[in-house]
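# Per-entry structural report
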Amino acid sequence: MTDADALRRLQEIDLELLRISKEGRELPQRAKIDAAKAARKKVDGELTKIVGQRKDLEIELNDLGHRRRDCERQLDEISASQDGASDYRAAADLEARLTTIAKKLERIDFESDAVTERLITAERAEKNARGLQERLDTETASLAASAKEALLALRDRQEALTRERESISGSLPPELQLRYIKARKRFGTVAVETLDGNKPSACRVTLQPSQYSDLKRRAQPVDECPYCHRILITDFS
Ligand SMILES: [Zn+2]
């Protein structure tokens, strides 16, 4: 490999390494994982509310059950003592008490039906929320696995390129290694350009005829762009 080829390849490798690290940072799975986690958090909050409502309704239904059993006990007591209702007034009093209890029971049953309906709705909402949590967790896990796989593949490429980079860089004379390092520092990502007709590939400035003929006369495969001063690879052979 000539020095010119080595510099060109070094430039390619460095650009590829940049692309790889950008790809790693911007994996599409990352945004999807964030979205799934945000959705999970929202469902968690909703579920907490739903569970609270469901528990309140259960307590309410339980209370109504107690109240119903109280009424039934009172009815039992009344029917046990009914034999003793000897006179008309006692019988009328009993009748009035029975009517009151029957009304109470009716109201309790009405309330129980309404609470039961709300409880069924809450239980259904709870089940849906738990199902959603499960689906989001499965999705997050599968995205994480896919992200991990993608990152491993990127790391493999990165390691192979880094090894190649070391070997190529090591094959260059120290002054060219240093020149490349300095040019990268100065120009950022693109330190090396090639001459394409009379236009360098990075700055794309058409060279003056005199600049071009100077380059051609020197015919140095590793030259310098007279315009932007990047390392300029020429091929006049
Ligand atoms: Zn240039």
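From a predicted model like this one, the values you see are computed outputs, not experimental measurements. (Residues numbered from 1 in each chain as written. Predicted model: local features only at pLDDT ≥ 70, side-chain atom pairs only at ≥ 80, totals over all residues. Heavy atoms only, no water.)

Assigned secondary structure in the protein chain consists of 5 helices and 4 strands. Against the globule reference of 18 Å for 237 residues, the protein chain gives a C-alpha radius of gyration of 42 Å, more extended than a compact globule. Within the protein chain, contacts between residues separated by at least 24 positions form 71% of all contacts whose residues are at least 6 apart in sequence. As displayed, the protein chain has an accessible area near 15700 Å², and 51% of this comes from carbon and sulfur atoms. A gap of 8 Å separates the mean positions of the 44 positive and 44 negative side-chain charges of the protein chain. (Helix = DSSP H or I, 4+ residues; strand = E, 2+ residues; numbered from the N terminus. Rg over C-alpha atoms; globule rule 2.2 N^0.38 Å. Contact = heavy atoms within 4.5 Å. Areas by Shrake-Rupley, 256 points an atom, 1.4 Å probe, with all protein chains shown as cover. Lys, Arg positive; Asp, Glu negative; His and termini not counted. Charge placed at Lys NZ, Arg CZ, Asp CG, Glu CD.)

Moving on, we come to the coordination of the zinc ion. Distances from the zinc ion to its protein donors, Glu193 (OE), Cys203 (SG), Cys225 (SG) and Cys228 (SG), fall at 2.0 to 2.3 Å. Here the zinc ion binds 4 donor atoms, and the angle range of 89 to 128° at the metal identifies the geometry as tetrahedral. In primary sequence terms, the donor set of the zinc ion follows E-x9-C-x21-C-x2-C. One end of the pair, Glu193, is in strand 1 (residues 192-196); the other, Cys203, is in the loop between strand 2 (199-200) and helix 5 (209-218), and 10 residues separate them in sequence. The two residues Glu193 and Cys203 agree in class, both being buried. (Donors = N, O, S within 2.8 Å, 3.2 Å for Na, K, Ca; no water. Tetrahedral: all angles 85-135°; square planar, octahedral: opposite > 155°, others 65-115°. Buried < 20%, exposed > 50% of the residue type's maximum accessible area, 1.4 Å probe, protein only.)

Glancing now at the UniProt feature "coiled-coil region" (unreviewed entry) in the protein chain. The UniProt feature table records "coiled-coil region" (unreviewed entry) at residues 122-164. Its end C-alpha atoms 62 Å apart, residues 122-164 is made of 100% helix and 0% strand. (UniProt positions renumbered as here; feature names shortened; annotations may be inferred.)

Take the packing of helix 1 (residues 3-25) against helix 4 (residues 174-187) next. Running from N to C, helix 1 and helix 4 cross one another at 35°; their axes reach a closest spacing of 12 Å. Read as a crossing pair, helix 1 and helix 4 show a hand that is right-handed. Side by side, helix 1 and helix 4 meet where Asp3, Leu7, Leu10, Gln11 and Asp14 of the first sit next to Leu176, Tyr180 and Arg184 of the second. When its residues are assigned to classes, the contact of helix 1 with helix 4 shows 4 nonpolar, 1 polar and 3 charged. (Axes fitted to C-alpha atoms, helices over the stretch in contact; angles between N-to-C directions. Left-handed = near helix turned anticlockwise from the far one by under 90°. Nonpolar A, V, L, I, M, F, W, Y, C, P; charged D, E, K, R; others polar.)

When cut into domains, the protein chain gives domain 1 (23-166) and domain 2 (175-233). Summarising the inter-unit geometry, the C-alpha centres of domain 1 and domain 2 are found 71 Å apart. (Domains from an automatic or database assignment.)

Let us now look at unusual backbone geometry. One non-glycine residue, Arg204, lies in the positive phi region at around 60°. One can find Arg204 in the loop between strand 2 and helix 5. Residue classification places Arg204 among the partly exposed residues on the basis of a relative accessible area of 43%. Residue His229 is not a glycine yet carries a positive backbone phi of 70°. Given a relative accessible area of 35%, His229 falls into the partly exposed group.

Applying the stated criterion to the full structure yields 21 salt bridges. A salt bridge links Arg19 to Glu16, with the shortest nitrogen-to-oxygen separation between them at 2.7 Å. Residue Arg19 and its partner Glu16 are both found in helix 1; the two are separated by 3 residues, about one turn of the helix. For Glu16, a relative accessible area of 18% puts it in the buried group. (Salt bridge = Lys/Arg side-chain N within 4 Å of Asp/Glu carboxyl O.)

Here we take up the pairing of strand 1. Where strand 1 meets strand 4 (residues 231-233), 3 bridges bridge the pair, whose relative direction is parallel. By the bridge assignment, Thr194 is partnered in strand 4 with Ile233. By the bridge criterion, 2 bridges tie strand 1 to strand 2 in an arrangement that is antiparallel. Bridge pairing links Asp196 to Lys199 in strand 2. If you look at the hairpin formed by strand 1 and strand 2, you'll find 2 residues sitting between the two strands, and Gly197 has a positive phi there, around 70°. (Pairing = 2+ DSSP bridges.)

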